[in-house]
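Letter by letter, the chains look like this.
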Amino acid sequence: MKKLNREFWENKYIQGDMGWDIGYVSPPLKHYIDQLTDKNLKILIPGAGNAHELMYLTEKGFTNTYIIDIARPPLEAIRAKLPNFPEERLLEGDFFDLNIGDFDLILEQTFFCALSPQLRPKYVLKMKTLLKPQGKLVGLLFNFPLSKSGPPFGGSTEEYIALFEKHFNIKLLKTAYNSIKPRAGKELFFIFEPK
Ligand SMILES: C[S@@+](CC[C@H](N)C(=O)[O-])C[C@H]1O[C@@H](n2cnc3c(N)ncnc32)[C@H](O)[C@@H]1O
């Protein structure tokens, strides 16, 4: 089993081996962001990578956005692209050690699938502790069978419900209708709210 640690991810960026990076905000998340009116929402993007969602949120005038990634190279790239972005909201480290909370919204985009599946229960609990009681975890989860060959590691609607339902209300979990072509039919758009 590969060790999915900082070194693993930094090497991926250094070697340009980033099949997950679509180069722009993913259409389902763009669509979701477009209907948000409160630009002061406290928003977290975990495992943000090149953080195209952050670029989009910034462009749209959102003022309280945070990102965290374990790998330095993408964070350096963001510093270069957004030189005025506050350092205290550009976090380098392990998501599971994050000790800033009270988020209104956490956006999931190919972070869950990048983690070792054994960390999934821990992800669920961590997300719950990071969100405000009325907060939302929103994003995309892959809808292909879980195998040992990831990342990305897949899953199914049933697996995700079983994993999240104890701690979250499943407001929406449906095949995304606006995925990019190579992911069409393979990702579920979801909105989960803490119980
Ligand atoms: C598959 S990439 C997705 C990047 C970005 N969300 C995207 O869609 O382009 C997974 C990202 O999660 C980061 N990552 C992996 N484990 C992490 C952890 N425990 N804490 C924070 N970031 C982590 C990796 O460095 C990588 O940037």
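Residues numbered from 1 in each chain as written. Predicted model: local features only at pLDDT ≥ 70, side-chain atom pairs only at ≥ 80, totals over all residues. Heavy atoms only, no water.

As named in an unreviewed UniProt entry, the protein is Methyltransferase domain-containing protein, taken from Arenibacter aquaticus.

All right, on to the packing of helix 1 (residues 6-15) against helix 4 (residues 72-81) then. Here helix 1 crosses helix 4 at 55 degrees, and the two axes come no closer than 7 Å. With respect to each other, helix 1 and helix 4 are oriented oblique. In contact with E10, Y13 and I14 of helix 1, helix 4 contributes R72, P73 and P74. Classifying every residue of the contact of helix 1 with helix 4 by side-chain character gives four nonpolar, no polar and two charged. (Axes fitted to C-alpha atoms, helices over the stretch in contact; angles between N-to-C directions. Helix = DSSP H or I, 4+ residues; strand = E, 2+ residues; numbered from the N terminus. Parallel < 35°, antiparallel > 145°, perpendicular 65-115°, else oblique. Contact = heavy atoms within 4.5 Å. Nonpolar A, V, L, I, M, F, W, Y, C, P; charged D, E, K, R; others polar.)

Glancing now at the site of the ligand. Close to the ligand lie 18 residues; Y13, G47, D69, Q109 and T110 are nearest. Within the side chain of Y13, one N or O atom sits 2.5 Å away from an oxygen atom of the ligand. One of the side-chain nitrogen or oxygen atoms of D69 is found 2.6 Å away from an oxygen atom of the ligand. Considering the ligand on its own, with 600 Å² of exposed area, one finds that the protein chains cover 96% of that surface. Split into classes, the residues belonging to the shell around the ligand amount to 10 nonpolar, five polar and three charged. (Near = heavy atom within 4 Å. Polar contact = N/O pair within 3.5 Å; in protein donor to acceptor, adjacent residues only side chain to side chain. Areas by Shrake-Rupley, 256 points an atom, 1.4 Å probe, with all protein chains shown as cover.)

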